[in-house]
Amino acid sequence: MRLRLLTFLIPATLLLLAQASAATAPDGAVQAPGPVAIPRAPDGKPDVSGIWQVLNTAAWDIQDHSAQKGVPGGQGVVEGNEIPYQPWALARKKENYAQRADVDPEAKCYLPGVPRLMYMPFPFQIVQTPKELTILHEYVHTVRYIFTDGTPHPPGPIAWWLGDSRGRWEGDTLVVDVVHFNDATWFDRAGNFHSEALHLVERYRLLDADHIQYDVTVEDPKVFTRPWNMSMILYRRREKNVQLFDYECYGFDWEKYYPYPEMRPPQ
């Protein structure tokens, strides 16, 4: 028994010594891990081009929530797990939740808005150029533009579904200022909402070639008592031949009038 134990311990000890030696400089100092290489565009900026998707349950509820029928349980993405609603707004949020099956804008096939589009359970593709990032979403073919050419927001107010996005690079972090929203979108299926005064600051930072740290600061003085934050990871889709498909939400409601394959022309 003792011989077998020594036979096991000796290789393991040698492996640990080899790892320690590899992490130690010739002068005996421990070497810190080197910086992670990230892909870069021709202009030297981090290259976030590609197809991405979240792996969280924020689309159902941005706060911590347990599983229900049709709802996977999950950890929230709100820092501190608290949304600082004004009293009247908290009451409305509860009303929204109670009626969510009927009044959720997503149930009506409306555009989800920003930031909800970023954590819908559908992939999206980022196309990056020096003056603009274009985000192509699988959900109802939504297209969002983030202008990085230094131009300012147009004068408003303007009631847009996705707002107006203007980005700038702060080192290796893309910082996006978003204004000019309507009040017709929610943050999730749990009834969390905002007004037309919504103001977002998004931050995109490549952690490595396949992960983006996505943080967003939410400000809306008509609804919340203070700004608050969400944080999550965007994952690069690495499957062979990965691509965006079609999800035309409103189209499914018309199938009963134009059934397929009966739409095919006579042969």
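Small disclaimer: the values here were computed from a predicted structure and weren't measured. Counting from 1, residues in each chain are numbered in the order their sequence is written. Predicted model: local features are reported for residues with pLDDT of at least 70 only, side-chain atom pairs are reported and counted for 80 or more only, and whole-chain, interface and lining totals are derived from all residues. Only hydrogens and water are set aside when side-chain values are computed; all heavy atoms of the structure are taken into account.

### A short note on the sheet that holds strand β9 (residues 228-236)
For the record, the criterion: Two strands pair under a simple rule: DSSP has to find at least two bridges between them. Numbering of helices and strands runs from the N terminus, with a helix taken as a DSSP run of H or I at least four residues long and a strand as a DSSP run of E at least two residues long. Axes here mean lines fitted to C-alpha atoms, for a helix over just the part in contact, with angles spanning 0 to 180 degrees between N-to-C directions.
Taken in spatial order, the nine strands line up as β1-β2-β3-β4-β5-β6-β7-β8-β9 and close into a barrel, and their pairing is mixed. Across the sheet, the mean angle separating the axes of adjacent strands is 30 degrees when strand polarity is ignored. Relative to β9, strand β1 (residues 50-53) runs antiparallel, the two sharing two bridges. Looking at the pairing, Q53 lines up with Y235 of β9.

### A word on the state of the cysteines
Each disulfide consists of one covalent bond between the sulfur atoms belonging to two cysteines. Stated formally: Here, two cysteine sulfur atoms that lie within 2.5 Å of each other are counted as a disulfide. Think of it in three bands: with a 1.4 Å probe and only protein chains considered, a residue is buried below 20% of the maximum accessible area for its type, exposed above 50%, and partly exposed in between.
One pass over the structure, following the stated rule, counts one disulfide. One disulfide bridge connects C109 with C249, the sulfur atoms lying 2.0 Å from each other. Disulfide C109-C249: the torsion about the S-S bond is -65 degrees, which places it as left-handed. With a gap of 140 residues between them, C109 in the loop between α3 (100-103) and β2 (124-129) and C249 in the segment after β9 connect regions that are remote in the sequence. With a relative accessible area of 10%, C249 lands in the buried category.

### Describing the nonpolar core
Cut-off, in case you're wondering: Nonpolar cores are built from buried Ala, Val, Leu, Ile, Met, Phe, Trp, Tyr and Cys residues. Side-chain atoms within 4.5 Å join them into one set. Residue contacts are counted whenever heavy atoms from the two residues lie within 4.5 Å of one another.
One finds I62, F187, Y204, W228, M230 and L234 to be the most contacted residues of the largest nonpolar core, which totals 43 residues. At the level of secondary structure, the elements contributing two or more residues to this core comprise β2, β3 (132-137), β6 (173-179), β7 (199-208), β8 (211-219) and β9. M230 has contacts with I62, V77, V78, P115, Y119, F187, Y214, D215, V216 and V218, leaving out every residue within four places of it along the chain. In this structure, C109, F122, Y139 and C249 belong to the second largest nonpolar core, which totals six residues.

### A look at helix α2 (residues 87-98)
Note the cut-off: Helix span, expected: 1.5 Å multiplied by one less than the number of residues in the helix. Think of it as the arc spanned by the lines of direction from the helix axis to the C-beta atoms.
Given a rise of 1.5 Å per residue, 12 residues ought to cover 16 Å, and the 17 Å separating the end C-alpha atoms of α2 matches this to within 8%. Within the sequence span of α2, burial applies to A89, K93 and N96. Projection of α2 onto a plane perpendicular to its axis shows the buried side chains occupying an angular sector of 60 degrees, all on one side. Facing away from the buried side of α2, by more than 90 degrees, are the exposed residues P87, K94 and A98. Contacts from the buried residues of α2 go to α3.

### Details of the pairing of β6
Burial of β6 is extensive: seven of the seven residues sit out of reach of the surface. Here β6 shows no split at all, with T173, V175, D177 and V179 on one side and L174, V176 and V178 on the other all buried. Where strand β5 (residues 164-170) and β6 come together, seven bridges link them in antiparallel fashion. Counted as the bridge partner of W169 is L174 from β6.

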